[in-house]
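Residue-level structure breakdown
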Amino acid sequence: MNSSAQATRSEVTPPIRRVGMISLGCAKNLVDAEIMLGSAKSEGFEITADPTEADVLIVNTCGFIDSAKQESIDAILEASRQRHEGKRPDAKIVVSGCLSQRFSTDLVGELPEVDAFIGLDQVAEAGAIFRRVLEEDKSSVLNLVTPKSRYIPDFATPRFRLTPNHSAYVKIAEGCNHPCSFCVIPQMRGRHRSRSIDSIVREIRGLVAEGVKEINLISQDTTYYGMDLWDEKAGPRQPVDASRGTSLIHLLDEIGEIGGEFWVRLLYTHPAHWSDGLIAAIARNPHVARYVDMPLQHIHAEMLKLMRRETSREHIENLITRIRSGIPGIGLRTTFIVGFPGETEEHFESLLAFIEETRFERLGVFNYSQEDGSRAAKMDNQVPTRTKNRRYREAMKLQQRIAREMAESRTGQTLRVLVEAPNSGRTEHDAPEVDCRVILTHPSEVGTFINAKILGAQTYDLVGEPIAALP
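Notes on the structure follow. (Residues numbered from 1 in each chain as written. Predicted model: local features only at pLDDT ≥ 70, side-chain atom pairs only at ≥ 80, totals over all residues. Heavy atoms only, no water.)

Of note, Asp 55 is situated in the loop between β2 (46-47) and β3 (56-61). A residue is classified by how much of its surface remains accessible, and Asp 55, at 11% relative accessible area, is buried. Reaching out from Asp 55, the side chain makes a polar contact with the backbone nitrogen of Arg 18 at a distance of 2.8 Å. Excluding residues within four positions of it along the chain, Asp 55 makes contact with Ile 16, Arg 17, Arg 18, Arg 88, Ala 91, Lys 92 and Leu 134. (Helix = DSSP H or I, 4+ residues; strand = E, 2+ residues; numbered from the N terminus. Buried < 20%, exposed > 50% of the residue type's maximum accessible area, 1.4 Å probe, protein only. Polar contact = N/O pair within 3.5 Å; in protein donor to acceptor, adjacent residues only side chain to side chain. Contact = heavy atoms within 4.5 Å.)

Right, let's talk about the packing of helix α12 (residues 345-358) against helix α13 (residues 385-408) for a bit. Viewed as axis vectors pointing N to C, α12 and α13 meet at an angle of 15°, and their least axial separation amounts to 10 Å. The orientation of α12 relative to α13 falls into the category roughly parallel. Of the two elements, α12 crosses α13, and the hand of that crossing is right-handed. Facing α12, whose interface residues are Glu 345, Phe 348, Glu 349, Leu 352, Ile 355 and Glu 356, α13 presents Thr 387, Arg 390, Arg 391, Glu 394, Ala 395, Leu 398, Gln 399, Arg 401 and Ile 402. Its residues assigned to classes, the contact of α12 with α13 comprises six nonpolar, two polar and seven charged. (Axes fitted to C-alpha atoms, helices over the stretch in contact; angles between N-to-C directions. Parallel < 35°, antiparallel > 145°, perpendicular 65-115°, else oblique. Left-handed = near helix turned anticlockwise from the far one by under 90°. Nonpolar A, V, L, I, M, F, W, Y, C, P; charged D, E, K, R; others polar.)

This brings us to the sheet that holds β3. Reading across from one edge, β2-β1-β3-β4-β5-β6 is the order of the six strands in this open sheet, with parallel pairing throughout. At either margin of the open sheet sits one strand with a lone partner, and together these are β2 and β6 (142-143). As paired elements, strand β1 (residues 18-23) and β3 share five bridges and run parallel to each other. Paired with Met 21 across the bridge in β3 is Ile 58. Packing of helix α4 (residues 98-110) onto the sheet brings it into contact with β3, β4 (92-97), β5 (116-117) and β6, and relative to β4 it is tilted by some 125°. (Pairing = 2+ DSSP bridges.)

So, about the pairing of strand β15 (residues 414-421). Pairing of β15 with strand β18 (residues 449-458) involves five bridges; the strand directions are antiparallel. By the bridge assignment, Val 417 is partnered in β18 with Ile 450. As defined by bridge partners, β15 adjoins strand β16 (residues 424-426) across three bridges and the pair is classed as antiparallel. When the bridges of β16 are listed, Leu 418 appears paired with Arg 426.

Moving on to α13. End to end, α13 covers 34 Å across 24 residues, agreeing with the expected 34 Å (1.5 Å per residue, within 8%). Of all the residues in α13, the buried ones are Thr 387, Lys 388, Arg 391, Ala 395, Met 396, Leu 398, Gln 399, Ile 402, Ala 403, Met 406 and Ala 407. (Expected span 1.5 Å × (residues − 1).)

Moving on, we come to the nonpolar core. Formed by 56 residues in total, the largest nonpolar core has its most connected members in Ile 204, Leu 217 and Leu 251. Considering every element that reaches this core, the biggest residue donor is helix α7 (residues 197-209), with six residues. Excluding residues that lie within four positions of it along the chain, Leu 251 makes contacts with Ile 172, Ile 197, Ile 200, Val 201, Leu 217 and Tyr 225. One finds Val 19, Ala 126, Tyr 151 and Phe 449 within the second-largest nonpolar core, a separate group that totals 34 residues. (Core = buried A, V, L, I, M, F, W, Y, C linked by side-chain atoms within 4.5 Å.)

Moving on, we come to the sheet that holds strand β14 (residues 362-367). With parallel pairing, six strands are arranged side by side in an open sheet as β7-β10-β11-β12-β13-β14. Two strands close off the open sheet at either side, each with one partner strand: β7 (167-171) and β14. Taking each pair of neighbouring strands and ignoring which way they run, the sheet shows an average axis angle of 20°. For strand β12 (residues 288-293) and strand β13 (residues 331-338), the ladder comprises three bridges, and the chain directions are parallel. Its bridge partner being in β13, Tyr 291 is matched across the sheet by Gly 331. Relative to β7, helix α2 (residues 27-42) is tilted by about 95°, and along the sheet it contacts β7 and β10 (214-218). Seen against the sheet, α12 touches β13 and β14 and runs at an angle of roughly 170° to β13.

Shown next, in the form of structure tokens:
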């Protein structure tokens, strides 16, 4: 080819455009981020980890509590500042996620720095939207958010994974039907809608074939999985405890038939939807990690009623007993809210006594956040910030002691560990990002299972000596 032909070719070849991502919030939001990047890549965009190199920068926001909202706004403003001071002053800023889904109409006027807002229903079309944003002259902010989100991904939905090669999140459902008075997630993410079992199993098979060792099943309520597919007039198409039918039990049994060495971890379960059948399904499936994440939020009867948690103290205590007796070696993780409107010292002391008695393997505490649009935001007897902070410190001090005692009791045991970094890993009792780790005395291969002899503890974390890699 002569030089003039080469010049002509270079003149007509469009430049490669780059997409960057700033993703905030929870694992559910992270999956949405991966879908947007997967869509961008399928549209011919290049993905960059450097926001200053991006022609389109996505700020994937969280809108769950006030601090998360502020973090999202700060990230948008910082992205705008970097755009004007960086090497791509013409870069476009696209805002997505829960904050965009809930407040885009208000934010359009307040954030002229943003070129487009997209919602949860647009994540799979993100690549085409980015191209549109680049090609159109900006006369006004583009708001593509649609109300009452209905989208849910499929096994064939393009994904650009942002997690380590050995770990992945799989969203089995979207939305929430619970009426919790402190929460606005149903307003942002819509009603619960489940994926098919076939879709989920095909996605997991693909991930395992790629070498993923840990599958984290997520949704707003994983234990509600499949219940939205029941015929309300005729009753459930399959009883929830059936070994076959669209239920979490059936899903776990189907996953149990997949070959390979991997963990499946259950995150975000709700105490209202547990059953003996689910307990048995976890116990009989070796792929399922002996780990349950079950946010309880409180234990006092009056608080549970005000929070509209759909469970009683008696139900919760009985369920914990059944889970621990039915699944040997289980590790229970939960979260509690302190400072909820109307919480008295008596309510709080009842919570502390419950934590002391139950001794959760993993536990987190959050100060109540007064969310506009929630029932709780309008309640009387809002608790002062100073009181919330004191209760938070007391609860975490108690749990720190319990966690230290539990960690020290592991000394001398040999545990299965998934190596996360050359000198650290996690047991099946530890979910990524939120739980503890095992500090290894000498390096091991990342992304493999090993046996480690526990030599001691450092408050929450364990110290272990690698023995051997597992096949």
